[in-house]
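# Chain and residue survey
One letter stands for each residue in the lines below.
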Amino acid sequence: MTALTQAVLGGLVGGALVPYLTYAKEKRVARSAVRQSLSRVEQLRRARTGDPAEAERFRATLAAFEADALSAGLCRAVVDVYAVTASVAFDSTRLARAGSTPRDREDRGQLPGDLAAVVDAARELAVDTIWRPAYSAVTRPVRLWSIRRTAELLIDAEDPAADWSAWRERELRPNGGLRDIRRRRRATAKAAVTSAPVREAGPGGGALRAGSD
């Protein structure tokens, strides 16, 4: 192999490899930033400061996490599920702390066990999506379905210790609005076919409208 050939091959390999390594490094840095943002959300979600401004700080931190996660290329469904379950957990914790005395607030500042399990499952899915994207891509559909289905069952149970208003405000059923449009369109088309006048064969084989002389 001549020196010229080696130089050409080295240039080709370097030209393909360097951008890939740069992209991979940038991706790791972006995902690391998302993980740190997620940790900040979790810290505020679990905080018990009693500060009236904590809700505003939590919402702002959660919005920053969503922006960082989507910019880093995380699955939108995973980000949405985590964001809404974290909001439900935060609201429910504040509700639980609304006791009549400081001691009541301390004792009642815990999430119900079933709700805590849903929140933990959403957080673990988000973490796996950040650090193990290939694995999470395989398990994601089942895990998302499990989280959504369990949340719907808990909502139906109407536990007074849980505040699900954030879940209701953000419809998590995928493409629910588009599905409703399709259903309306199909119903309209079906109604049009059903109400269309029936045609009957005329004397010459032609078609006559129903009721025509």
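Residues numbered from 1 in each chain as written. Predicted model: local features only at pLDDT ≥ 70, side-chain atom pairs only at ≥ 80, totals over all residues. Heavy atoms only, no water.

## Some points on the confidence of the model for the protein chain
In low-pLDDT segments, the atomic positions of the prediction should not be examined closely. For the protein chain, the mean per-residue pLDDT works out to 75, and 63% of the residues sit at or above 70. Overall, residues 207–213 carries pLDDT values under 50, and its contacts beyond four positions in sequence, including any with other chains, amount to 12 contacts. (pLDDT = per-residue confidence, 0-100. Contact = heavy atoms within 4.5 Å.)

## Section: the pattern of salt bridges
It is possible for side chains of opposite charge to pair when their charged atoms get near one another. Here the structure, examined in full by the defined rule, presents nine salt bridges. Ionic pairing is found between Glu42 and Arg45, a salt bridge with its closest N-O pair at 2.8 Å. With a gap of three residues between them, Glu42 and Arg45 both fall in helix 1 (residues 3–46), about one helical turn apart. Its relative accessible area of 7% is what places Glu42 among the buried residues. Looking at Arg45, the relative accessible area reads 5%, which means it is buried. Each of Glu42, Arg45, Arg46, Asp120 and Arg123 takes part in a single network of salt bridges with overlapping partners. (Salt bridge = Lys/Arg side-chain N within 4 Å of Asp/Glu carboxyl O. Helix = DSSP H or I, 4+ residues; strand = E, 2+ residues; numbered from the N terminus. Buried < 20%, exposed > 50% of the residue type's maximum accessible area, 1.4 Å probe, protein only.)

## Observations regarding the packing of aromatic side chains
Enumeration according to the criterion identifies three aromatic pairs in this entry. Here Phe58 and Phe90 contribute two aromatic rings whose centre-to-centre distance is 4.2 Å and whose plane-to-plane angle is 5°, an arrangement assigned as stacked. Note that Phe58 is positioned in helix 2 (residues 54–71) and Phe90 in helix 3 (residues 76–96), a separation of 32 residues in sequence. Accessibility expressed as a relative area gives 0% for Phe58, which makes it buried. Assessed through its relative accessible area of 2%, Phe90 is described here as buried. (Phe/Tyr/Trp six-rings, centres within 6.5 Å; stacked < 30°, edge-to-face > 60°.)

## Looking at helix 2
With 18 residues, helix 2 extends 26 Å from end C-alpha to end C-alpha; this agrees with the ideal 26 Å at 1.5 Å per step. Among the residues making up helix 2, those that are buried are Glu54, Ala55, Phe58, Thr61, Leu62, Phe65, Glu66 and Ala69. The buried residues of helix 2 occupy an angular sector of 145° when the element is viewed end-on, so they sit on one face. Summarising the geometry of helix 2, the exposed residues directed more than 90 degrees from the buried face are Glu56 and Ser71. The first or second residue beyond helix 2 is Gly73, which carries a positive phi of 90°. (Expected span 1.5 Å × (residues − 1). Arc of directions from axis to C-beta.)

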